[in-house]
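Spelled out, the chains give:
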Amino acid sequence: MFTYYFDLALRSFRRNKVLTALMVLAIALGIGAAMTTLTVFHVLSGDPIPGKSDTLFYPQMDPRSMSGYTPSDPPEFQMTRFDAEALLREARGDRQALMTAGSVVAEPQRSGMSPFNVESRFTSADFFPMFDAPFAHGGGWAASDDEARGRVVVIAKELNDRLFDGANSVGQTLRLDQTTFRIVGVLDEWRPTPRFYDVTNSHFGEVEQVFLPFSTSRDVDMNTSGNMNCWEDTGNGAEGVRGVDASCSWLQYWVELDSPEKAEDYLRYLTNYSDQQRAAGRFGRPTNVRMFDVMGWLDNQRIVPSDVRLQVWLAFGFLLVCLLNTVGLLLAKFLRRAGEIGVRRALGASRRAVFAQCLVEAGTIGLAGGLLGLALALLGLWAVRQQPTGYAELAQLDPAMLLTTFALAIAASLLAGLLPAWRACQVTPAIQLKSQ
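Since the model is a prediction, treat every value here as computed from it, not as a measurement. (Residues numbered from 1 in each chain as written. Predicted model: local features only at pLDDT ≥ 70, side-chain atom pairs only at ≥ 80, totals over all residues. Heavy atoms only, no water.)

**With respect to the layout of surface pockets**
As a reminder of what qualifies: Method remark: on a 1 Å grid restricted to protein atoms, a set of points is classed as a cavity if a 1.4 Å probe fits but cannot get out and as a pocket if it is open with protein on both sides within 12 Å along at least five of seven lines; lining residues have an atom within 4 Å of a point. Grid points are joined across faces, edges and corners, and a volume is the space filled by probe spheres set on the points. Each helix is a run of DSSP H or I of at least 4 residues and each strand a run of E of at least 2, with the numbering of both proceeding from the N terminus. Residues are sorted three ways: Asp, Glu, Lys and Arg are charged, Ala, Val, Leu, Ile, Met, Phe, Trp, Tyr, Cys and Pro are nonpolar, and all the rest, Gly among them, are polar.
Quantified by volume, the largest pocket comes out at close to 480 Å³. Glu85, Leu88, Arg89, Asp146 and Glu147 are, among the 17 residues lining the largest pocket, the residues nearest its centre. When contributions to the lining of the largest pocket are tallied by element, the ones reaching two or more residues are helix H3 (81-90), strand S3 (95-107), helix H5 (143-147) and helix H7 (214-219). Grouping the constituent residues of the lining of the largest pocket by class yields six nonpolar, four polar and seven charged. What the second largest pocket holds in volume is close to 210 Å³.

What follows is the structure in structure tokens.
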């Protein structure tokens, strides 16, 4: 039966080529605009670590003084070095890692290559298993390397390709900031999007090229980068703002807890820790602790740009306008065939059959509009990739969004065809035959 209705639809399209083309174009324009913006939103708001995002938590405390305090203040965005290192030592989670971004100078040992800057991350041993970082060669360092300020390093695949032509470089040495490190691991391709573990820097950039123990970075006084907030004069001694006792928050801290009960226990632990530090005179403000999982943290920090959300709403508004135009065109098309429909009804066709035929025509128009809309969406995504934004290169149509394109096009056209199809099946055969 569907084949019969589909054949009738094709015959109808050939009789009304201009009207059919207008409807296909209307659907295509709306689908193209909607899928371009929806794909960008999908990429930027996706889960960067599926399967673990609900077991990784970003804890917050407020170690600041009472200066400028208001009860509605959120806790401090990052942690002080004192607190992050204390929580790391006590290790109350299944895994935990402190970290910050930095920049180091790599000194290649190959002739003809000059020293160059590479983005780095100073962290602790649990970073790699916590965040499911894939390795092409070797692995991460041990917790004992954190304690011993070991000269060990993990490098990204891109840097390994640049320095060692992609060979297994585990065991090789690498000079960073005039210090020799032993390579213990080489990461495979890895780019969590967004880069959730540090939202103070580029949210959608590539991962760092060099990873080494935080304790080592402080031992050799490497430069850090990212947001830093100080609320008291720290002086210049003992690394100044980066010293253990500095009243500055500049470190990110993550903890892995594999059950809701453990998460509740850890939040209580943070509360007790904050109370103890306030009693010791380090924390000036009332206890204010929070803890977010990965998706909660990204939502809290509004990682998806507001203009992207606005573009999605505008694009779907445009799609709605296109659908309203399609409804009008379908009404005109079906009602112009009132005589033909009346004859079919007089020969025994039921209202349900007429309704089904009209919906098949609308769905076929949607399918054709989806094909053209897909081409327009690909063109739109290409235009997005030419923009100077950090997420531009990520605007790619994946299989899920490809299926969504056709599903949305067909669903939209069927929705647009409901009213015209209902009006068509209400045609009275006797009146049409008399007029004929």
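**Quick look at a nonpolar patch on the surface**
To be explicit about the condition: Patch rule: a residue counts if its relative accessible area is over 30% and it has no salt bridge; like charges are joined within 9 Å, and nonpolar side chains (Val, Leu, Ile, Met, Phe, Trp, Tyr) within 5 Å. Per-residue and other accessible areas were derived by the Shrake-Rupley procedure at a 1.4 Å probe size, with only the shown protein chains allowed to occlude residues. Any carboxyl oxygen of Asp or Glu that lies within 4 Å of a side-chain nitrogen of Lys or Arg is treated as forming a salt bridge with it.
Together, Leu25, Leu29, Phe318, Leu372, Leu376, Leu379 and Trp382 give the surface a local cluster of nonpolar side chains, amounting to about 610 Å² of exposed area. Ranked by residue count, the leading element in the nonpolar patch is helix H12 (residues 351-385), at four residues. With respect to the element layout, Phe318 can be found in helix H10 (residues 306-336).

**A few points about the pattern of salt bridges**
Stated precisely, the cut-off is as follows: Each residue is assigned to one of three classes by its accessible area relative to the maximum for its type, calculated with a 1.4 Å probe on protein chains only: buried under 20%, partly exposed between the two thresholds, exposed over 50%.
For the structure on display, the rule yields 22 salt bridges. Residue Arg175 is joined to Glu107 by a salt bridge in which the shortest nitrogen-to-oxygen separation is 3.7 Å. One end of the pair, Arg175, is in strand S7 (residues 173-176); the other, Glu107, is in strand S3, with 68 residues separating them in the sequence. A residue is classified by how much of its surface remains accessible, and Arg175, at 27% relative accessible area, is partly exposed. Where Arg121 meets Glu208, a salt bridge forms, and the shortest distance between an N and an O atom there is 2.9 Å. Within this pair, whereas Arg121 is found in strand S4 (residues 116-123), its partner Glu208 is found in the loop between strand S8 (179-187) and strand S9 (210-213), the two being separated by 87 residues in sequence. A residue is classified by how much of its surface remains accessible, and Glu208, at 3% relative accessible area, is buried.

**Focus: the packing of aromatic side chains**
Using the following cut-off: For Phe, Tyr and Trp, rings pair up if their centres lie within 6.5 Å, where Trp contributes its six-membered ring, and each pair is then called stacked (planes under 30 degrees apart), edge-to-face (over 60) or tilted (otherwise). Look at NZ for Lys and CZ for Arg. If either is within 6 Å of the ring centre and within 35 degrees of the ring normal, a charge sits over the ring.
One pass over the structure, following the stated rule, counts 21 aromatic pairs. With centroids separated by 5.2 Å and ring planes inclined at 65°, the aromatic side chains of Tyr58 and Trp254 adopt a geometry described as edge-to-face. Taken together, the residues Tyr58 in strand S1 (residues 56-60) and Trp254 in strand S12 (residues 248-256) connect sequence positions 196 residues apart. For Trp254, a relative accessible area of 0% translates into the label buried. Directly above the aromatic system of Phe116 lies the positively charged group of Arg162, at a separation of 3.7 Å from the ring centroid.

**So, helix H6 (residues 157-164)**
Residues spaced three or four apart along an α-helix face the same direction, because each turn holds 3.6 residues. Inclusion rule: Arc definition: directions from the helix axis to the C-beta atoms. Here, two residues are considered to be in contact whenever any of their heavy atoms come within 4.5 Å of each other.
Taken together, the buried positions of H6 are occupied by Leu159, Asn160, Leu163 and Phe164. With its buried residues spanning 100° around the axis, H6 presents them on a single face. Along its buried surface, H6 packs onto S4, strand S6 (152-155), S7, S8 and S9. A positive phi of about 55° marks Asp165, the residue just after H6.

**Some remarks on the side chain of Thr216**
For Thr216, the location among the structural elements is in helix H7. Judged by its relative accessible area of 0%, Thr216 falls in the buried class. When residues no more than four places from it in sequence are discounted, the contact partners of Thr216 are Arg149, Gly150, Arg151 and Phe181.

**Overview of the packing of H3 against helix H8 (residues 260-279)**
Under the convention used in this document: For helices, the axis comes from a line fit to the C-alpha atoms of the stretch in contact; other axes are also lines fit to C-alpha atoms, and the angle between any two N-to-C directions lies between 0 and 180 degrees. The cut-offs work like this: below 35 degrees is roughly parallel, past 145 is roughly antiparallel, 65 to 115 is roughly perpendicular, and the gaps in between are oblique. Handedness of a helix crossing follows the sense of rotation of the near helix relative to the far helix, less than a right angle counterclockwise being left-handed and clockwise being right-handed.
At a closest axis distance of 13 Å, the pairing of H3 and H8 adopts a crossing angle of 130°. Between H3 and H8, the crossing angle belongs to the class labelled oblique. At the point where H3 passes H8, the crossing takes the right-handed sense. Where H3 abuts H8, its residues Phe82, Asp83, Ala86, Leu87 and Glu90 lie against Tyr266, Tyr269, Leu270, Tyr273 and Gln277.

Read these as geometric descriptors, not functional statements.
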